[in-house]
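Structural description and commentary
If you want the building blocks of each chain, they are given just below.
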Amino acid sequence: MSEFLQQFLNGLALGAIYALIALGYTMVYGVLRFINFAHSDIFMVGAFAAYYFSNWFGRFLPPSSVLGATIITLASMAACALLGVVIEKLAYRPLRDRSKLNVLITAIGVSLFLEYAGQLWFGADPKTFRLLPSQNVHVGDLVLNSNQLIVFGMTLILLLALRFIVMHTRIGTAMRAVSFNHQAAALMGINIDSIISFTFALGSALAAAGGILYAMNYPAIDPLMGVLPGLKAFVAAVLGGIGNIPGAALGGVLLGLVESFVRGSRFSTYADAIAFAILILILLFRPAGILGKRVVEKV
Amino acid sequence: MNTLLEVQGLSVRYGVITALQSISFSIPKGAIVTLIGSNGAGKTTTLRAISGLQKSAGGEIRLEGTSITGLKPHELVRRGIAHVPEGRMVFANLTVQENLWMGAYLQRDRQAIRTTLDFVYATFPRLQEREKQLAGTLSGGEQQMLAIGRALMSRPRFLMLDEPSLGIAPILVKTIFAKIVEINRQQGITVLLVEQNANLALEVSSYGYVLETGRIILANESGKLRQDPQVRAAYLGG
């Protein structure tokens, strides 16, 4: 039983990070109907931003203090938000009226650019960094790492904040309007471009938070660290129903749990394969994802 | 004549197909003007070009003498143009109330938004009954009311309606047209009405233009158009 709970907690922590990344995929898909493949690399840049911010400002803002860690995290999220906005403006916006395939290929190009520019600028060798000191908390037979608790807490706060923005603010309602229909939204006086920029900023900030939380639990970071978690988060978004925000969070957590349970079993070598096989099975029965609605194409 | 909107030599092309071929017309302040014509004549294209959804290939559009050619849709909303598009396009994933708030997206004065909302609810009480419901669950007629109400939320001086009778129960069509006249009279909002139901359109409007394959072929007072043998034969069923 305690083994089960332990894997459950580990899976939840991993899934929370997948969820944070998956939200960015799903939100961008919601407003633009395309998959931003560079999103996984924003996650990587988020971790590196925190790494450099702690090196540069560590003297005034000790990364091991709560205040220092918070400010470094917020600054990294802001930096990635800006990066996301710039990428959309330079790479995707000029292709807005072209075929979706063009943007998709461009996104892969941006992804490769970030990965290899990262190797050039940050160096290809893994770097380690710590924000808060990590401590193990024992609850009965369970071992909880303090970093895992931070993952839970921060993910919960970010999800609630996102929910508030999307459901209860003017700009969030506009995001939902744009995701329903660009032209109808434009006729309301909504500037589509600024809503799209805002969506990229929001998604990228969440990915940065995910990158930092990931680095707190797996402290070696490198420019290719986003590839696999990014792929899994993309799958999580599809699993939950691409374009559906609660779906992305649910898909992420589900994927993390499955992965963690398989890793804890005697089939651990095949963890990724089994996790993906389960997802394929779910999608066979619910092709639009768990919370996704089937969209009927009108002719 | 005090002109609100003036269109001069407007052309629109979709690739090699010419949808509008240098059409010109004007709309006096406070009037209801209608644009009639058969399917594919270019009625919807005309409205889309005025509201900025469709790029024009030539010509000029002026609102109270100022050129608004080439402005983006959201900039035109700011200048007082509201467009109820074909097929209504209500935000099905938003509640009725959220749809109306989106209509007031550029309005900053909360008190004024409240007043407009009260006016919309007074005009279409059905919307208030269903304010918490998702717009996608409304009937066609209710969605049309919502689309018009949402357009009114931007406090326009010029309202364009694209086929408000399309796919709506006949009994509701009468109600909706009565409301359009009421909005025009009480609020002083100028209306450009595009309709396939030419009979109805000519009944409520004061002036009409007949569009055929991208050209304006007739223009006259609505009463006279209804007597015109050509119009009677082609659009009013003889």
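For the structure given in this document, a descriptive report is provided here. Given the structure is predicted, the values throughout are model-derived calculations rather than measurements.

This part is about the overall build of chain B. In terms of regular secondary structure, chain B is built from 10 helices and 10 strands. Here chain B has a C-alpha radius of gyration of 17 Å; the compact-globule value for 238 residues is 18 Å, and the two agree. Across its three principal axes, chain B shows a C-alpha extent of roughly 45 × 40 × 35 Å. Classification of the 238 residues of chain B by burial places 56% in the buried group.

Residues and elements named next belong to chain A. Together, I108, L112, Y116, L224 and V227 make up a nonpolar patch on the protein surface, roughly 430 Å² of accessible area in all. The element that contributes the greatest number of residues to the nonpolar patch is helix α4 (residues 100–122), accounting for three residues. Secondary-structure assignment places V227 in helix α9 (residues 227–240).

Moving on, we get to the sheet that holds strand β10 (residues 215–221) of chain B. All names here are of chain B. Reading across from one edge, β6-β7-β8-β3-β9-β10 is the order of the six strands in this open sheet, with mixed pairing throughout. Edge strands, defined here as strands with exactly one partner in the open sheet, are β6 (81–84) and β10. Looking at each pair of strands side by side, their axes are set apart by 15° on average, direction ignored. Against the sheet, helix α1 (residues 43–50) engages β3 (32–36), β6, β7 (158–162), β8 (190–195) and β9 (207–212), with an angle of about 150° to β7. Taken strand by strand, helix α6 (residues 140–152) contacts β6 and β7, and its axis lies near 170° from that of β6.

The backbone of R33 of chain A shows a phi angle near 55°, a positive value even though the residue is not glycine. Looking at where R33 of chain A falls in the secondary structure, it is placed in the loop between α1 (2–32) and α2 (39–57). With a relative accessible area of 41%, R33 of chain A lands in the partly exposed category. Positive phi, close to 45°, is recorded for E64 of chain B, a residue that is not glycine.

Residues and elements named next belong to chain A. Mapped onto the elements, K232 comes out in helix α9. Given a relative accessible area of 5%, K232 falls into the buried group. One polar contact links K232 to D272, side chain to side chain, over a distance of 2.9 Å. Aside from chain neighbours lying at most four places away, what touches K232 is Y18, L255, E259, R263, D272 and F276.

What follows concerns the sheet that holds strand β1 (residues 3–14) of chain B. Judged by pairing direction, the sheet is antiparallel, and its four strands sit side by side in the order β2-β1-β4-β5 (chain B) without closing on themselves. At either end of the open sheet lies a strand with only one pairing partner, and these are β2 (17–28) and β5 (66–67) of chain B.

As a further point, take the environment of S26 of chain B. All names here are of chain B. Mapped onto the secondary structure, S26 falls in strand β2. With a relative accessible area of 18%, S26 lands in the buried category. Taking C-alpha positions, S26 is 6.8 Å from T3, a pair spaced 23 residues apart along the chain.

A separate point is the interface of chain B and chain A. Interface size is commonly expressed as the accessible surface area that is lost when the partners come together. Between chain B and chain A, the contact holds 22 residues from the first and 20 residues from the second. Summing both partners gives a buried area of about 2000 Å² for chain B against chain A, and 63% of it is carried by carbon and sulfur. Among the residues chain B hides against chain A, the three largest losses belong to F91, M102 and Y105 of chain B. Together they make up 32% of the total. If you look at where chain B meets chain A, you find two salt bridges. K72 of chain B is paired through a salt bridge with D193 of chain A; the nearest N and O atoms lie 3.7 Å apart. Counting across the interface, chain B meets chain A through four residue pairs in polar contact (both at pLDDT 80 or more). Residue assignment for the side of chain B that touches chain A shows that the elements contributing at least two residues are α2 (73–78) and α3 (96–103) of chain B.

Cut-offs and rules
Residues numbered from 1 in each chain as written. Chains lettered and ligands numbered in written order. Predicted model: local features only at pLDDT ≥ 70, side-chain atom pairs only at ≥ 80, totals over all residues. Heavy atoms only, no water. Helix = DSSP H or I, 4+ residues; strand = E, 2+ residues; numbered from the N terminus. Rg over C-alpha atoms; globule rule 2.2 N^0.38 Å. Buried < 20%, exposed > 50% of the residue type's maximum accessible area, 1.4 Å probe, protein only. Patch = residues over 30% accessible without salt bridge, like charges linked within 9 Å, V, L, I, M, F, W, Y side chains within 5 Å. Areas by Shrake-Rupley, 256 points an atom, 1.4 Å probe, with all protein chains shown as cover. Salt bridge = Lys/Arg side-chain N within 4 Å of Asp/Glu carboxyl O. Pairing = 2+ DSSP bridges. Axes fitted to C-alpha atoms, helices over the stretch in contact; angles between N-to-C directions. Contact = heavy atoms within 4.5 Å. Polar contact = N/O pair within 3.5 Å; in protein donor to acceptor, adjacent residues only side chain to side chain. Buried area = accessible area lost by both parts, 1.4 Å probe.

Don't take any of this as a statement about function, it's just geometry.
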